[in-house]
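One-letter residues, chain by chain:
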Amino acid sequence: ALPLVLVFAFANWRRLGSSGASTIALLLLIASIVPDSWSDAANAICNAREEMVRPAMLAVAKNVVKTALGLAFLLKGWDVIGLALTALITNLVAA
């Protein structure tokens, strides 16, 4: 599925005339899917063992970091790329 998504992103950029920023944001969001899946798998294991404290603390910490990074990137003028980079960073940290 990854080659198909990359072909779509390239075609969207070259043929449909999307901006470079939206294409970069799309690729960053695609890259953030895998670490988010790992985090969800670890969360499911904790839930199966009825350990609810760790996933809750991780969710709170992830949301605080996501909000702070997103706000910082938006204030620096990074727009869509900054928000996509925020998603990638927080998913990597949470994984």
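Here, the structure is the one placed above.
Procedures and definitions
- Residues numbered from 1 in each chain as written.
- Predicted model: local features only at pLDDT ≥ 70, side-chain atom pairs only at ≥ 80, totals over all residues.
- Heavy atoms only, no water.
- Helix = DSSP H or I, 4+ residues; strand = E, 2+ residues; numbered from the N terminus.
- Buried < 20%, exposed > 50% of the residue type's maximum accessible area, 1.4 Å probe, protein only.
- Areas by Shrake-Rupley, 256 points an atom, 1.4 Å probe, with all protein chains shown as cover.
- Lys, Arg positive; Asp, Glu negative; His and termini not counted.
- Charge placed at Lys NZ, Arg CZ, Asp CG, Glu CD.
- Salt bridge = Lys/Arg side-chain N within 4 Å of Asp/Glu carboxyl O.
- Axes fitted to C-alpha atoms, helices over the stretch in contact; angles between N-to-C directions.
- Parallel < 35°, antiparallel > 145°, perpendicular 65-115°, else oblique.
- Contact = heavy atoms within 4.5 Å.
- Nonpolar A, V, L, I, M, F, W, Y, C, P; charged D, E, K, R; others polar.
- Polar contact = N/O pair within 3.5 Å; in protein donor to acceptor, adjacent residues only side chain to side chain.
- Expected span 1.5 Å × (residues − 1).
- Patch = residues over 30% accessible without salt bridge, like charges linked within 9 Å, V, L, I, M, F, W, Y side chains within 5 Å.

**Re the overall build of the chain**
Inference 1: Looking only at helices and strands, the chain has five helices and zero strands in total.
Inference 2: Beginning at the N terminus, the succession of helices and strands in the chain can be written as α-α-α-α-α.
Inference 3: Taken across its 95 residues, the chain has 24% of its residues classed as buried.
Inference 4: Accessible area for the chain stands at about 6600 Å²; split by element, carbon and sulfur atoms hold 71% of it.
Inference 5: Computing the positive centroid from 7 side-chain charges and the negative centroid from 5, the chain places the two 12 Å apart.

**Let's talk about the pattern of salt bridges**
Inference 1: Applying the stated rule across the entire model yields two salt bridges.
Inference 2: Between Glu 51 and Arg 54 there is a salt bridge; the shortest N-O distance is 3.5 Å.
Inference 3: Residue classification places Glu 51 among the partly exposed residues on the basis of a relative accessible area of 28%.

**Digging into the packing of helix H2 (residues 20–31) against helix H3 (residues 33–48)**
Inference 1: The contact between H2 and H3 brings their axes to 4 Å, and the two run at 30°. By the angle class used here, H2 and H3 are roughly parallel. In this structure, H2 contributes Leu 29, Ile 30 and Ala 31 to the contact, and H3 contributes Ile 33, Val 34 and Pro 35.
Inference 2: For the contact of H2 with H3, the per-class residue count stands at six nonpolar, no polar and no charged.

**Concerning the side chain of Thr 90**
Inference 1: In this fold, Thr 90 is placed in helix H5 (residues 79–94).
Inference 2: A polar contact of 2.9 Å, which involves the side chain of Thr 90, links it to the backbone oxygen of Thr 86.
Inference 3: When near neighbours in sequence (up to four residues on either side) are disregarded, Thr 90 contacts Lys 62, Val 65, Lys 66 and Leu 69.

**A closer look at the environment of Leu 85**
Inference 1: With respect to the helices, strands and loops of the structure, Leu 85 is situated in helix H5.
Inference 2: Separated by 15 residues in the primary sequence, Leu 85 and Gly 70 place their C-alpha atoms 8.5 Å from one another.

**Brief notes about H5**
Inference 1: For H5, with 16 residues, the first-to-last C-alpha span of 23 Å sits near the 22 Å given by 1.5 Å per residue.
Inference 2: Of all the positions in H5, only Gly 82, Ala 84, Thr 86, Ala 87, Leu 88, Thr 90, Asn 91 and Ala 94 are classed as buried.
Inference 3: Where the residues of H5 are buried, they touch H2, H3 and helix H4 (53–75).

**Describing a nonpolar patch on the surface**
Inference 1: On the surface, Leu 2, Val 5, Leu 6 and Leu 27 cluster together into a nonpolar patch covering about 310 Å² of accessible area.
Inference 2: Tallying contributions element by element places helix H1 (residues 2–14) first for the nonpolar patch, with three residues.
Inference 3: Positionally, Leu 2 belongs in helix H1.

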